Protein chains: 2
Amino acid sequence: MSESSARPAGPRPVRSPRGTTLHCANWLIEAAYRMLQNNLDPEVAENPDALVVYGGIGKAARNWRAFETLLSTLERLKPDETLLVQSGQPAGVFRTHEDAPRVLIANSNLVPRWATWEHFDRLDRAGLMMYGQMTAGSWIYIGSQGIVQGTYETFAEAGRKHYGGSLAGRWILTAGLGGMGGAQPLAASFAGATSLTVECQQSRIDFRLRSRYLDEQAADLDDALARIARYTAEGRAVSIGLLGNAAEVLPELVRRGVRPDLVTDQTSAHDLVNGYLPAGWTVERWRAAQADPALHAELRAAAAASCAEHVKAMLAFHAMGVPTVDYGNNIRQVALDQGVADAFAFPGFVPAYVRPLFCRGKGPFRWAALSGDPEDIRRTDAKLKELFPEDAHLHRWLDMAGERIAFQGLPARICWLGLGERHRAGLAFNEMVRSGELKAPIVIGRDHLDSGSVASPNRETEAMKDGSDAVSDWPLLNALLNTAGGATWVSLHHGGGVGMGYSQHSGVVIVCDGSEAADRRLARVLWNDPATGVMRHADAGYEEAQACAREQGLDLPMQAQGV
Amino acid sequence: MSESSARPAGPRPVRSPRGTTLHCANWLIEAAYRMLQNNLDPEVAENPDALVVYGGIGKAARNWRAFETLLSTLERLKPDETLLVQSGQPAGVFRTHEDAPRVLIANSNLVPRWATWEHFDRLDRAGLMMYGQMTAGSWIYIGSQGIVQGTYETFAEAGRKHYGGSLAGRWILTAGLGGMGGAQPLAASFAGATSLTVECQQSRIDFRLRSRYLDEQAADLDDALARIARYTAEGRAVSIGLLGNAAEVLPELVRRGVRPDLVTDQTSAHDLVNGYLPAGWTVERWRAAQADPALHAELRAAAAASCAEHVKAMLAFHAMGVPTVDYGNNIRQVALDQGVADAFAFPGFVPAYVRPLFCRGKGPFRWAALSGDPEDIRRTDAKLKELFPEDAHLHRWLDMAGERIAFQGLPARICWLGLGERHRAGLAFNEMVRSGELKAPIVIGRDHLDSGSVASPNRETEAMKDGSDAVSDWPLLNALLNTAGGATWVSLHHGGGVGMGYSQHSGVVIVCDGSEAADRRLARVLWNDPATGVMRHADAGYEEAQACAREQGLDLPMQAQGV
Ligand SMILES: NC(=O)c1ccc[n+]([C@@H]2O[C@H](COP(=O)([O-])OP(=O)(O)OC[C@H]3O[C@@H](n4cnc5c(N)ncnc54)[C@H](O)[C@@H]3O)[C@@H](O)[C@H]2O)c1
Ligand SMILES: NC(=O)c1ccc[n+]([C@@H]2O[C@H](COP(=O)([O-])OP(=O)(O)OC[C@H]3O[C@@H](n4cnc5c(N)ncnc54)[C@H](O)[C@@H]3O)[C@@H](O)[C@H]2O)c1
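On a predicted model such as this, the values are computed, not experimentally measured, just so you know.

## Topic: the UniProt feature "domain: Urocanase Rossmann-like" (unreviewed entry) in chain A
Alright, step 1. The sites that carry the UniProt feature "domain: Urocanase Rossmann-like" (unreviewed entry) are, in the present numbering, residues 143–353 of chain A.
Alright, step 2. With 49% helix and 10% strand, the stretch residues 143–353 of chain A has end C-alpha atoms that lie 23 Å from each other.

## Quick word on the site of ligand 2
Residues and elements named next belong to chain B.
Alright, step 1. Around ligand 2 sit 28 residues in total, of which Gly 181, Glu 199, Gln 201, Ser 268 and His 270 are the nearest.
Alright, step 2. Between ligand 2 and Asn 245, the relevant distance is 2.9 Å, taken from a nitrogen atom to a side-chain nitrogen or oxygen of the residue.
Alright, step 3. In the complex, 89% of the free accessible area of ligand 2, which totals 860 Å², lies under the protein chains.
Alright, step 4. For the shell around ligand 2, the per-class residue count stands at 11 nonpolar, 14 polar and 3 charged.

## A short note on the pairing of strand 12 (residues 412–417) of chain A
All names here are of chain A.
Alright, step 1. By the criterion of burial, strand 12 is predominantly enclosed, with 6 of the 6 residues buried.
Alright, step 2. Across the two faces of strand 12 the burial is the same, with Ala 412, Ile 414 and Trp 416 and Arg 413, Cys 415 and Leu 417 all buried.
Alright, step 3. Strand direction decides the pairing type here: strand 11 (residues 363–369) and strand 12, joined by 6 bridges, are antiparallel. Along strand 12, the bridge assignment pairs Gly 363 with Leu 417.

## Things to note about the pattern of salt bridges
Proximity of charged atoms lets side chains of opposite charge pair with each other.
Residue and element names in this part refer to chain A.
Alright, step 1. Scanning the entire structure with this criterion turns up 66 salt bridges over all chains.
Alright, step 2. The salt bridge involving Asp 376 is made with Lys 439; its shortest N-O contact spans 3.8 Å. Residue Asp 376 is located in helix 13 (residues 374–387), and its partner Lys 439 is located in the loop between helix 15 (422–435) and strand 13 (442–446); the two are separated by 63 residues in the primary sequence.
Alright, step 3. Exposure remark for Lys 439: the relative accessible area of 43% places this residue in the partly exposed category.

## Overview of the sheet that holds strand 8 (residues 216–218) of chain A
Residues and elements named next belong to chain A.
Alright, step 1. Strand order in the open sheet formed by 5 strands is 8-9-7-6-10, and the pairing between neighbours is parallel. Taken across any chain shown, the strands that pair with only one partner, and hence form the sheet edges, are strand 8 and strand 10 (262–263).
Alright, step 2. Across 3 bridges, the pairing between strand 8 and strand 9 (residues 239–243) is parallel. Its bridge partner being in strand 9, Ala 218 is matched across the sheet by Leu 242.

## Some thoughts on the relation of the copies chain A and chain B
One copy of the chain maps onto the second through a rotation around an axis plus a translation along that axis.
Alright, step 1. With an RMSD of 0.1 Å, the operation that places chain A on chain B is a rotation of 180° combined with a shift of 0.1 Å along the axis. In short, the pair behaves as if placed about a two-fold rotation axis. Nearest to the rotation axis, the C-alpha of Pro 112 of chain A is located 2.1 Å from it, this being the minimum over chain A.
Alright, step 2. Interface overlap between copies: 100% of the residues of chain A at the interface are likewise at the interface in chain B, consistent with a symmetric, same-surface contact.

## So, the interface of chain A and chain B
By convention, interface size is frequently given as the accessible area that disappears when the constituent parts associate.
Alright, step 1. Each partner contributes residues to the interface: chain A has 75 residues there, and chain B has 75 residues.
Alright, step 2. Buried area between chain A and chain B, both sides added, is near 6400 Å², and the carbon and sulfur share of it is 66%.
Alright, step 3. A per-residue breakdown of the area chain A buries against chain B is headed by Phe 94, Leu 480 and Met 558 of chain A, which together make up 10% of the total.
Alright, step 4. Applying the counting criterion to the chain A and chain B interface returns 2 salt bridges.
Alright, step 5. Between Asp 555 of chain A and Arg 76 of chain B there is a salt bridge, with the nearest N and O atoms lying 2.8 Å from each other.
Alright, step 6. Across the chain A-chain B interface, the total number found is 28 residue pairs in polar contact (both at pLDDT 80 or more).
Alright, step 7. Looking at the side of chain A that touches chain B element by element, the count peaks at 10 residues for helix 16 (residues 473–485) of chain A.
Alright, step 8. Looking at the side of chain A that touches chain B, its residues break down into 40 nonpolar, 25 polar and 10 charged.

## Focus on the UniProt feature "domain: Urocanase C-terminal" (unreviewed entry) in chain A
Alright, step 1. With numbering aligned to this structure, UniProt lists the feature "domain: Urocanase C-terminal" (unreviewed entry) at residues 356–550 of chain A.
Alright, step 2. Between the C-alpha atoms that bound residues 356–550 of chain A the distance is 16 Å, and the span itself is 46% helix and 18% strand.

## Considering the site of ligand 1
Residues and elements named next belong to chain A.
Alright, step 1. Inspection of the region around ligand 1 gives 28 residues, with Gly 181, Glu 199, Gln 201, Ser 268 and His 270 positioned closest.
Alright, step 2. Within the backbone of Met 180, one N or O atom sits 2.9 Å away from an oxygen atom of ligand 1.
Alright, step 3. The contact in question runs from a nitrogen atom of ligand 1 to an N or O atom on the backbone of Leu 277, over 3.0 Å.
Alright, step 4. In the complex, 88% of the free accessible area of ligand 1, which totals 870 Å², lies under the protein chains.

## Brief notes about the pairing of strand 11 (residues 363–369) of chain B
All names here are of chain B.
Alright, step 1. The buried fraction of strand 11 amounts to 7 of the 7 residues, a majority that puts the element mostly inside the structure.
Alright, step 2. Where strand 11 lies against strand 13 (residues 442–446), 5 bridges are found, and the strand directions are antiparallel. Residue pairing for strand 13: Ala 368 is matched across the bridge by Val 443.

Rules used in this analysis
- Residues numbered from 1 in each chain as written.
- Chains lettered and ligands numbered in written order.
- Predicted model: local features only at pLDDT ≥ 70, side-chain atom pairs only at ≥ 80, totals over all residues.
- Heavy atoms only, no water.
- UniProt positions renumbered as here; feature names shortened; annotations may be inferred.
- Helix = DSSP H or I, 4+ residues; strand = E, 2+ residues; numbered from the N terminus.
- Near = heavy atom within 4 Å.
- Polar contact = N/O pair within 3.5 Å; in protein donor to acceptor, adjacent residues only side chain to side chain.
- Areas by Shrake-Rupley, 256 points an atom, 1.4 Å probe, with all protein chains shown as cover.
- Nonpolar A, V, L, I, M, F, W, Y, C, P; charged D, E, K, R; others polar.
- Buried < 20%, exposed > 50% of the residue type's maximum accessible area, 1.4 Å probe, protein only.
- Pairing = 2+ DSSP bridges.
- Salt bridge = Lys/Arg side-chain N within 4 Å of Asp/Glu carboxyl O.
- Least-squares fit on C-alpha atoms with pLDDT ≥ 70 in both.
- Contact = heavy atoms within 4.5 Å.
- Buried area = accessible area lost by both parts, 1.4 Å probe.

So this is what it looks like as structure tokens:
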């Protein structure tokens, strides 16, 4: 009996093995074995005892018995077998071949008519399903580095679009220092911008000061503006926090005629009970109202009214010509519902900044060192700089991440790479494994939020040029092609990011074990995967994607005929 | 420039090439090339000019330009390339490897919240989507043989369940001789039962008499009962048609205390305007009311009231202990809406008869002779009888089908085979291709309505034992595994059979080209594909499936631990 199947099933601290001793038949299987456990490492997972990795209830396995059985099944899996995982449980082992994925995963998928939280919850309670989020159930979450990097790319793209590629001497105005919003000041600094983040809870500011995601706190608005004036003049990318209510501070800035260089927001306006402090309320009154359902209606109304004022201020900045975007917290919708008719005059961050990247197959490429040795990641960082010597933006990120991002679980790195870049990185890493320059294999994956892997009409595929926002053929084809190409594991999920009914997406992970077979698979998969994103955007009529397809020599039969 | 890309895009008669001259790089690609065209053969397709194959608007390609580009792309596809097809258009060509599928298809998939006919129609009109039905958009439709065989299997399973395996001397009462219902009399005869089918239109009866699907017409109800008495006494499986209204005939039979051996119905009760003649109405009045929208409300009310009477009669038979089933035409729901509280007292045909087959991986296995030579099918028929010498039921079908089923398009055969049988058939066919016993390769596929390939809570997965009807992880895993195993083409569709929002399903096709590589692929794919169905039903708690899994040595990790 294997080590893990002998364990009783129940909460226990989980940590991926490190080093070069294999627990499975080969490194491809070992990689799944380690990354599944790494997702539940207390340094990585939000609530490991409940198997929750991140994103509310995004889990790595359905229950503890399923988790232990996943491990014991991987321990005995043969190199030509494939394990099927259905909503977090190991459903079956089948014979395939050595060039096929070792694990195929489907999480949280429901026939559309039944694709609601109500129905999901019923199945979840009955033990029949699990919410996989994106990288939780597909075993490639790497902690908060991902959100810092995504925000950095977004800010950097804004800099390219509006300010000739440099945010030096520019400042970003935003709010919210919560779980995800807390990445904003660090990302702004990485992107070279000064920033002012308004946050209504001192505890949140303190936490971000402690972890060095935020550089300093201003005493009041005048002090904040003075600091901004100084740092922008000096071209220093310092991040400033301000205790206050965004629904009060932003209108005041408008009144004073202050002109930021970029405006956004990451308060939790999507949740009017728990996420947005109404103007004029103390945090104590807010907490009390949250705790008392009888006060929810009043709280909701007050929060919505404040969101409307907040959005009106954003609209004023927008009208001044300041680039202004919604960061996916639904605040425009709340304002629209409050009668702010032009609430959607400024765009969401995906159409504004992320889509141009997606058009070139650019998205959140990430990798982890199965050795557990941080030195392996330092070497891959150096290798990337060597591979892409001209990419100052990439170098900047790698340098700053190396300095300021603490690893969580297995050492890992993320950076956004596009079509034509990812497979070069993968092949170079594989060569480093082969030559012994790295201590053990590298596992490469990405978020499901990527160029060709997601249909999510309220976020990643909002406002597609041809109106094809809801067409989910694309992520399904992405998963099928990655399976055909020989990725190490492939996943198809529903409901990640935006909840049940609102998205379908696929994940892919591939291992650099140093073999020549891996070279061939990496060359295919890390080319094809971003290429499906370029294809999808070219098909939707984006000229940038069509140009990229031509430059990279993609074979898109309908495009060739001139659509 | 290739033959097909030189053609102007527009309606033209399409027919698959026959014989052994290849138009593509190898037989795997040639098979997709021929089967796509075969789906649009005027003998096969319902409306080839509109690219419609069957099932309302189930199409083989999005438009004529997409169709011609599909052909020209297949003509130039290399043996290690894979073509992605997105809702009927060729979206991209990517490098994979020789053991990967040559074509990967996703049709009609929409993010759940937008998975409605309204949204689909908008995209369809904008040229962005196509309805793939099941085998229309996945290029393995073979005409009406499929429905005859499916109905035969259903009746035969009823015979096994209720009458010790023989329907000799038994009679089936049903109604409806339309597009699908017209298969009932022939299927009943094949299954060894006498049958009485009530049909309100003489033209429909005439058509089925002409095509020999129906043996004879009774003059009136007394005559019909006399014939039934005679044929059942003689043990002769004769099919009898009766001109009449089911909502009048069935209640009359109940009044007379007549006792059939099986009761079902295939009037189009799902469509109360076009599908169900109200009691007391002439066909002329019905047609006039259909043509005049102002009369639709009245027609709908009258039809619904008649359906209620019809179901009450079925309930009376059910109460007498006569096996009674709904054949997927929604008549129970109509009656329930009319206040017939116990309308769902009798089951649907899937839980009653098809599910036990699915539990053993049994479902609609089909194949076509790429040579175009009917002799190739005769030889495969003979081979199957040789492979399964004990299976009298299979022999009966093959003999009768050989005699009475006319080929449409490329000669093809269907029969239901289960786990452990399908791969044996595939390997035997491949050997026949290799030895030259067959003139050209054979292509093997199945309907998406199969054991492991569909989630459709109103039909194939209605009333699953554990309540997992709507969980669509299973068909997605099926498609991923078939891709990993090396099927020749794999498809993922939404909305087949029951419409937008109500189903997700996958298709698979694999080619016997006589090679040893094909042997390996066939052994994997034709084992794994039905095995996912046994897995899915075992997971849902069906003991028959759990027993089948044990007998066949399936590796189901959670089952091994005793769920
Ligand atoms: N679409 C995306 O990819 C994406 C990415 C990041 C964040 N978001 C969205 O951004 C929002 C924030 O996410 P989070 O995880 O950081 O949430 P969170 O709830 O952890 O943090 C929200 C923060 O906003 C503060 N806040 C609330 N009301 C305020 C007010 N009136 N003035 C100033 N501060 C206020 C709270 O104190 C809290 O610290 C969410 O709506 C999230 O969905 C979306
Ligand atoms: N679930 C399945 O897999 C499955 C399989 C086969 C058929 N069906 C269902 O069965 C129904 C029939 O399918 P079809 O393609 O044959 O439809 P169709 O519309 O072509 O045929 C219906 C026939 O019923 C006759 N009819 C209508 N009202 C009648 C009445 N009151 N008395 C007697 N005859 C009457 C019509 O004249 C017509 O010939 C549909 O609802 C279909 O969805 C379901």
